[in-house]
Amino acid sequence: MNPAALLITVDLTVNGERYTVDVEPRCTLADALREKCRLTGTNLGCEHGVCGTCTVLVDGEPVRSCLLFAVQMSGKSIRTVEGLAKDGRLHELQRAFTEHHALQCGYCTPGFLMLAVSYLEKNRNIDEHEIRDLVASNLCRCTGYQNIVQAISAAAARLR
Amino acid sequence: MKAAAFEYHAPRSVNAATELLARHVEENARILAGGQSLVPAMALRLAAPAHLIDINGVAGLSDLMLDDEGHLTVRACVRHAAFQQQVEQGLLGNLLSKVVRHIAHYPIRTRGTMCGSLANADPASEWCLVAVTLEAELFATSSRGSRSIRARDWFRGLMTTALRPDELLLEVRFDALPSDTVFGFQEFSRRAGDFALAMALVTLRVQGGVIAEPRVGIGAVEPSPRRIARAEEMLRGAKPSRELYEEAANAAAESVDPLTDARYDAAYRRGLTRTMTFRALNEACPA
Amino acid sequence: MTMIGQSVQRLEDEPLLTGRGKFVANLSFPDELHMRVVRSPYAHATLLNVDLQPALALPGVVAAWTFTDVAQIPPIEFRPTKVQGLEPYRQTILANGQLRYVGEPVAVVFAETSYVAEDAADLVGIDATQLPAVLDAPTSCIEPAVLRKEYGDLDQAFAAADQTLTLDLAIGRHSGVPLECRGALAREDRASGILELYGAAKRPHANRDVIARMLGRDAASIQLFEGHIGGGFGVRGELYPEDLLVCLAAIRLGRPIKWIEDRRENLVACNQSREQSHHVTAAFDNDGRILGLQDEFFHDQGAYVRTHGARVPDMTAAMLPSVYRIPAYRAVAHFRLTNKTPAATYRAPGRFESTFVIERVLDAIARRLQLDRGEVRRRNLIASSEMPFSRPIQVLETDLVLDSGDYAGLLRKAQDAFGWEALQSELAKRRAEGETVGMGLALFLEKSGLGPTDLASTTLLETGDVELVTGAASLGQGVETVLAQICADAIGTDYRKIRVVHGMTSRIRKGFGSHASRTTVMTGGAAHKAALNLKARILGVVEGRYDLPVEVLDIRDGRVVRTDVGGELVVTLADLARDNSGNSLEAEGEFVCDRMTYPYGAHLAVVAVDRETGGVEVRRYLVAYDIGRAINPMLVTGQITGGVAQGIGGALYEEFLYDEYGQPLSGTFADYMMPTAKEVPQVEVLITEDAPSPLNPLGVKGAGEAGINAVGAAIASAIDDALGEQAFVTRLPVTPIEIKRALECKPGM
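Every value quoted in this text rests on a predicted model; they were computed, and no experiment measured them.

*Asks:* Account for the overall build of chain B, naming residues and giving values.
*Replies:* The number of helices and strands found in chain B is 10 helices and 14 strands. Whereas a compact globule of 287 residues would reach a radius of gyration of roughly 19 Å, chain B reaches 19 Å, a difference of no more than 12%. Along the first, second and third principal axes, the C-alpha set of chain B runs to 60 × 50 × 30 Å. Taking all 287 residues of chain B together, 59% fall into the buried category. Intrachain contacts of chain B at a sequence separation of at least 6 include 61% that bridge at least 24 residues. Accessible surface computed for chain B: about 11,000 Å², of which carbon and sulfur atoms make up 46%. Positive and negative charge centroids in chain B, built from 33 and 34 side chains respectively, lie 4 Å apart.

*Asks:* Any details on the sheet that holds strand β29 (residues 731-732) of chain C? Residues and values, ideally.
*Replies:* All names here are of chain C. Strand order in the open sheet formed by six strands is β7-β15-β14-β13-β8-β29, with mixed pairing between adjacent strands. At either margin of the open sheet sits one strand with a lone partner, and together these are β7 (145-151) and β29. In this sheet, strand β15 (residues 328-336) lies alongside β7 in antiparallel orientation, the contact comprising seven bridges. Residue pairing for β15: Glu 150 is matched across the bridge by Arg 330. Where helix α10 (residues 351-369) meets the sheet, its contacts fall on β8 (163-171), β13 (276-284), β14 (290-300) and β29, and the angle it forms with β8 comes to roughly 140 degrees.

*Asks:* I'd love a proper account of the pairing of strand β3 (residues 61-65) of chain C, names of residues and values included.
*Replies:* All names here are of chain C. Among the five residues of β3, four are classified as buried, and the element is accordingly described as predominantly covered. Examined bridge by bridge, β3 and strand β5 (residues 105-111) share four bridges and lie antiparallel to one another. Along β5, the bridge assignment pairs Val 61 with Ala 111.

*Asks:* Could you give an account of the interface of chain C and chain A, naming the residues involved and the relevant values?
*Replies:* In many analyses, interface size is given as the accessible surface area lost on bringing the parts together. On the chain A side, the residues contacting the 52 residues of chain C number 49 residues. Buried area between chain C and chain A, summed over both chains or domains, comes out near 4,100 Å², and the portion from carbon and sulfur atoms is 54%. Per-residue buried area on chain C facing chain A is highest for Leu17(C), Tyr115(C) and Leu179(C); these three make up 20% of the total on that side. Along the contact surface separating chain C from chain A lie three salt bridges. Note that Asp119(C) is salt-bridged to Arg26(A), the shortest N-O span being 2.6 Å. The tally of links between chain C and chain A comes to 22 residue pairs in polar contact (both at pLDDT 80 or more). Listed by contribution, the elements that provide at least two residues to the side of chain C that touches chain A are α1 (13-17), α4 (114-123) and α17 (633-653) of chain C. With eight residues, the single largest contributor to the side of chain C that touches chain A is α17(C). In terms of residue class, the side of chain C that touches chain A is made up of 26 nonpolar, 18 polar and eight charged.

*Asks:* How would you explain the interface of chain B and chain A if you had to name every residue and give the values?
*Replies:* With 26 residues of chain B at the interface, the matching set in chain A holds 29 residues. Taken over both partners, the interface formed by chain B and chain A buries close to 2,300 Å², and the fraction arising from carbon and sulfur atoms is 64%. The partner of Asp31(A) in a salt bridge is Lys2(B), with the nearest N and O atoms 2.9 Å apart. For the pair chain B and chain A, the number of links is six residue pairs in polar contact (both at pLDDT 80 or more). At the level of elements, β1 (7-9), α2 (38-43), β3 (51-54) and α4 (106-109) of chain B are the ones that each hand at least two residues to the side of chain B that touches chain A. Ranked by the residues each element gives to the side of chain B that touches chain A, the list is headed by α2(B), at four residues. Of the residues assigned to the side of chain B that touches chain A, the class counts are 16 nonpolar, four polar and six charged.

*Asks:* Quick one: what's the story with the confidence of the model for chain C, residue by residue and with numbers?
*Replies:* On average, residues of chain C score 95 in pLDDT, and 99% of them are at 70 or above. Two summary scores accompany this predicted model of the complex, namely pTM at 0.97 and ipTM at 0.97.

*Asks:* Explain the nonpolar core to me, and be specific about the residues and the numbers.
*Replies:* The nonpolar side chains of a soluble globular protein tend to be buried, and buried together. If you look at the biggest cluster of nonpolar residues, it comprises 170 residues, and the most contacted ones within it are Phe97(A), Leu293(C), Tyr621(C), Leu652(C), Ile715(C) and Ile719(C). Per-element accounting of this core gives the leading share, 10 residues, to α10(C). Among all residues touching Ile715(C), those that are not within four sequence positions of it are Val607(C), Val618(C), Tyr621(C), Ile648(C), Ala651(C) and Leu652(C). By size, the runner-up hydrophobic cluster in this structure holds 55 residues, among which are Leu21(B), Leu95(B), Cys128(B) and Val132(B).

*Asks:* Explain the sheet that holds strand β3 (residues 55-58) of chain A to me, using residue names and the numbers behind them.
*Replies:* Residue and element names in this part refer to chain A. One open sheet holds the five strands; their spatial order is β2-β1-β5-β3-β4, and the pairing between them is mixed. Across the chains shown, the open sheet's two edge strands, defined by having one partner strand only, are β2 (17-23) and β4 (61-64). Strand-to-strand, the axes of this sheet are offset by a mean angle of 40 degrees, without reference to chain direction. Pairing of β3 with strand β5 (residues 77-79), which is carried by two bridges, proceeds in the antiparallel orientation. Residue pairing across strands places Leu 57 opposite Arg 79, the latter belonging to β5. Across the sheet, helix α1 (residues 29-36) lies against β1 (8-14), β2, β3 and β5, angled at about 105 degrees from β2, the strand it touches most. This element, helix α3 (residues 109-122), spans β3, β4 and β5 of the sheet and lies at about 35 degrees to β3.

*Asks:* A description of the side chain of Thr161(B) should follow, citing residues and the corresponding values.
*Replies:* All names here are of chain B. Structurally, the position occupied by Thr 161 is in strand β9 (residues 160-161). In this structure the side chain of Thr 161 is engaged in a polar contact, spanning 3.2 Å, whose partner is the backbone nitrogen of Leu 163. With near-sequence residues (within four places) excluded, Thr 161 lies in contact with Leu 118, Ala 119, Ala 121, Trp 154 and Arg 156.

*Asks:* Could you give me a rundown of the packing of aromatic side chains, with the residues and numbers involved?
*Replies:* All names here are of chain C. Per the stated rule, a full pass over the model turns up 14 aromatic pairs over all chains. Note on Tyr 198 and Phe 225: the rings are 4.7 Å apart at their centroids and 10 degrees apart in plane angle, and the pair reads as stacked. Placement of Tyr 198 in strand β10 (residues 194-198) and of Phe 225 in strand β11 (residues 222-225) is noted, with a sequence separation of 27 residues between them. An identical accessibility class is assigned to Tyr 198 and Phe 225; each is buried. For the ring pair Phe 656 and Tyr 672, a centre distance of 4.4 Å and an interplane angle of 25 degrees mean the geometry is stacked. Of this pair, Phe 656 sits in the loop between α17 and β28 (683-688) while Tyr 672 sits in the loop between α17 and β28, and the two are 16 residues apart along the sequence. Take Phe 656 and Tyr 672: they sit in the same class, and that class is buried. Through pairs of rings, three or more aromatic residues link up here, namely Phe 29, Tyr 198 and Phe 225. Lying over the aromatic face of Phe 728, Arg 360 brings its terminal NZ or CZ to 4.3 Å of the ring centre.

Thresholds applied
Per chain, residue numbering runs from 1 following the sequence as it is written. Each chain gets a letter, beginning with A, and each ligand a number, beginning with 1, in the order they are written. Under the rules for a predicted model, residues below a pLDDT of 70 receive no local features and side-chain atom pairs below 80 are neither given nor counted, while totals for whole chains, interfaces and linings still include all residues. Excluded from the side-chain calculations are hydrogens and water; all other atoms, namely the structure's heavy atoms, are used. Per the convention used, a helix needs a DSSP run of H or I reaching at least four residues, while a strand needs a run of E reaching at least two, with both numbered from the N terminus. When we talk radius of gyration, it's over C-alpha atoms, and the globule rule is simply 2.2 Å times the number of residues to the 0.38. Think of it in three bands: residues with accessible area under 20% of the maximum for their type are buried, residues over 50% are exposed, and the middle band is partly exposed, with areas taken using a 1.4 Å probe on protein chains only. Only heavy atoms matter for contacts: two residues are in contact if any of them lie within 4.5 Å across the pair. Surface exposure here means Shrake-Rupley accessible area, sampled with a 1.4 Å probe, where a residue is shielded only by the protein chains that are shown. Note on charges: Lys and Arg go in the positive column, Asp and Glu in the negative column, and His and the chain ends are not counted at all. One atom stands in for each charge, and that atom is NZ of Lys, CZ of Arg, CG of Asp or CD of Glu. Two strands qualify as a pair provided that DSSP identifies no fewer than 2 bridges between them. Comment: axis = line fitted to C-alpha atoms, over the contacting stretch for helices; angle = value between 0 and 180 degrees taken between N-to-C directions. Buried area is a sum: the accessible area each of two parts loses on coming together, probed at 1.4 Å, counted once for each and added. Throughout this description, the term salt bridge denotes a Lys or Arg side-chain nitrogen within 4 Å of a carboxyl oxygen of Asp or Glu. A 3.5 Å cut-off defines polar contacts: any pair of N or O atoms within that distance qualifies, except that in protein one atom must be a possible hydrogen donor and the other a possible acceptor, and neighbouring residues in sequence count only when both atoms are side-chain atoms. Residue type decides the class: Asp, Glu, Lys and Arg count as charged, Ala, Val, Leu, Ile, Met, Phe, Trp, Tyr, Cys and Pro as nonpolar, and the leftover types, Gly among them, as polar. In predicted models, pLDDT denotes the confidence assigned by the predictor to each residue on a 0 to 100 scale. Here, nonpolar core refers to any group of buried Ala, Val, Leu, Ile, Met, Phe, Trp, Tyr and Cys residues whose side-chain atoms link them within 4.5 Å. The pairing test for Phe, Tyr and Trp rings, Trp by its six-membered ring, is centres within 6.5 Å, and the orientation test on the planes gives stacked under 30 degrees, edge-to-face over 60, and tilted for anything in between. By the criterion adopted, a ring carries a charge over it if an Arg CZ or a Lys NZ lies within 6 Å of its centre and within 35 degrees of its normal.

Dropping the structure here:
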């Protein structure tokens, strides 16, 4: 059998929970999360690292999960959109997004949430210019970005 | 856009990595560091390595080292993001922190590596321009031994370097910049974070009212970045002035042999070369 | 408190925020197979042979088809139309002997995983003889149809005119490009014989009927389900070959079939749009009044006629006169085929193009006569006293009657909000100081509420909630919330107590989907009626049961109350539903309107141009829009802002380019550039309600396309202002190299 097709067992820690999955080396982190862990909240927009829709956190840093292979992720702490709300309570960012109508179709939303979460956890004092720079990392086709910037700004203020 | 199948290796030492490269050199083995260029190419199936050698777990490769003479050594797995804070307190650290802001976007910078960019040699890579302009030294290693290559000898053409198929780019070393160095970095791209259509990096010193040690590097316009000797000649020993900068910028524009494609012709790229050079000069030493 | 006009938070958001979206890629059935399409690598070729063997030999591959396996399936239909001559140019679901565009489906493979399916597809061999590619509509000799619209005496107009001017204008090929690629999941339930298709969008009922006809089964045996949709913009939800292939495979292979497109496929196979080139001549007097307008244009349809037939050029030709009187008019639209990805509708289809053309004409007249650009428009506007204004042409085979509008009033409000006069002086001063800055203006006419009819049904549930079942489709625009607001307002309860059902063909017998900005008008109209009917039924039941005359009853906050005794509670809706002895309280509503309604607005922009690099920055943007009546202003603003962002893409960045062999050059997101947050400024939105539509009881007009319609025109106008006399934008997108050419006084901008 082609050695490249052999499955490798990987332990993924996602949102604090352990998932043991068997994957081909070429299985991306995005696909492993979606297909093996059945965490379908992370969406695929382009699969070549430009749109940022697939953004998740790995050891606290935002990364494009379509550009990582699952086999690289043993021992890493992964956070996805499914882990933001706690005990049924929305994260401040999620609340701000709905209050400010920062989502329409919602497809890019998990990517923006994870991007913003990581940044806000490290930078409490963030001005609108910086937020717009951050938001420019990801693509949205519905909102025109304005409300996303406002939502992140509002959440930053509340988290301070 | 799923990558073609490959065998995955995660060596824990440089020797193990180079041994793997040697063993699989005939089968299109590639090094995986940041993956921000390689993995998209694999998704598009423009690259289909049969073996992927992941060096993210190799001890010591995330090191950034500063020695007593001010040499900065950047090892293979140091991420772009590391340069967002000044990694050394002099002009070099300052320059690197200014340039890094232009590289892609924040989530790419958390994974992509400086050495990865140097090995990939995309014409629009900021680090490639920096390496060539500052005359960095690159160190490659393989199971056959190690060698150093000067930046000016490293870039051999579009996406092509002096790195041999069985070699790993281990580290790159920069000299410290004299404390009275001034620099300017300008690039033009269509959107925030896009690959630049033209870049200029200028460093110089002003001594006795005239320019000394000018370096003018142009990137993104030609298949490889390089210093433009004609422009530097004009600047050396001359008094900074707008007219001088225009002349030097014109010289740079005339020297380059631009890449062309369906969207941008040579004349346009020459124009950008002129503009970026002028602006970089004016940024370094406002006239 | 009325629900109408309230910017309430959306009902749709929670699953989307918490990662529980039901986008079709998130659905899976046990035992499913993955479909992967093998696509033509050539723009134009004669197909000699397709070798499926290497694919079939790969472990995990279950089946593979070429045209011979699907030859009995007819080509994909287009919507009924009076236009003749389009039939021969329909697309078969796999290529039959000829390859006509890069990306055309040639074969299809079915495998156990999507990874293996892609491996297998790469192994399929295509043997073909390449032919020269036709890439220019004006020189293409394949012309399925020519559309003509005219009225008035054009010869007389030109004879009487003081001046004429002619422009050659072009819009580059671009499209909606939603962030979610297309996808479909089909399975056939052998026991019930029902074929289920998941991932439906836009117009589920109509698509179901077409699929049924094409597969030779009755519509009742097919059900379409809409989950969440990652953006539509006109391109998702039309029927494509892949949809039929997925259904056919589910039936033949007896397993669920899942197809998820990837981005590279999407950029070559999903509908493209916008590419037109116009030759327009205006006859006008020395005061700038247009006496006659003549336009001949070429519409680049790509390789096949798709589900819209010739609607896009029809709309361009019909909407070109826009908000202006234009006493005499002729438009001749050449509908031509080329070897590019087929085209269809993209948000404000035909109108982004027509607004660019007419507004360029007005700016050119203004420049020629040295008139203020606002003033020259004012002199040509249809007055509000002339409403309803009948233009003697048809649009989408309905009479073009402008129902209501105060165009001059809106222009004034827009200019005031923007600070037009003061800005003019300020920018002139800044230009004198060396900045290259300018402002632009464009007016536009939109159309919405495409009927002729829509249906909704309401049921009072035992919880006191109301279920509203519609045939609408959600593309992410907030359909549920708006319909809930309308329904809640009419019944007298909170919008959160309305459960809106949409996109499910099995739940309602007639549905028309969501497109052409129709939902608030048509489905909203039907929901409003159904809700009023339900309220009447409820009060009728209460009247009988509690022996109280209907005249003293009302429903407020979900409670039936007595209006004669200061709002005293009679019964809550929940209690009423529970006590109704098993008889459900329900009502239907059908809204009929065979005319469209016509919202309108203005776009104003400030741009800054870098003379050396040719880079353009949009510094300010304002949209003023009369929506008749806004159900949820926050959602309207969202639609407009999103439209502006896409419009900026079309004006400055987005284009599907092809090389001389017809090979696509915009194949990834690195080459097809869409605006990020740095390219879109804060958009100012002024919503007015000065001209409610007389065509529906709520007075509403749609909002989906207002933000995008005039962006090309407004930005062109602003760039001209910035660059001065030497420049006149004639082509979109305006790229840096075009700016440089204009500045270097080279012709062809």
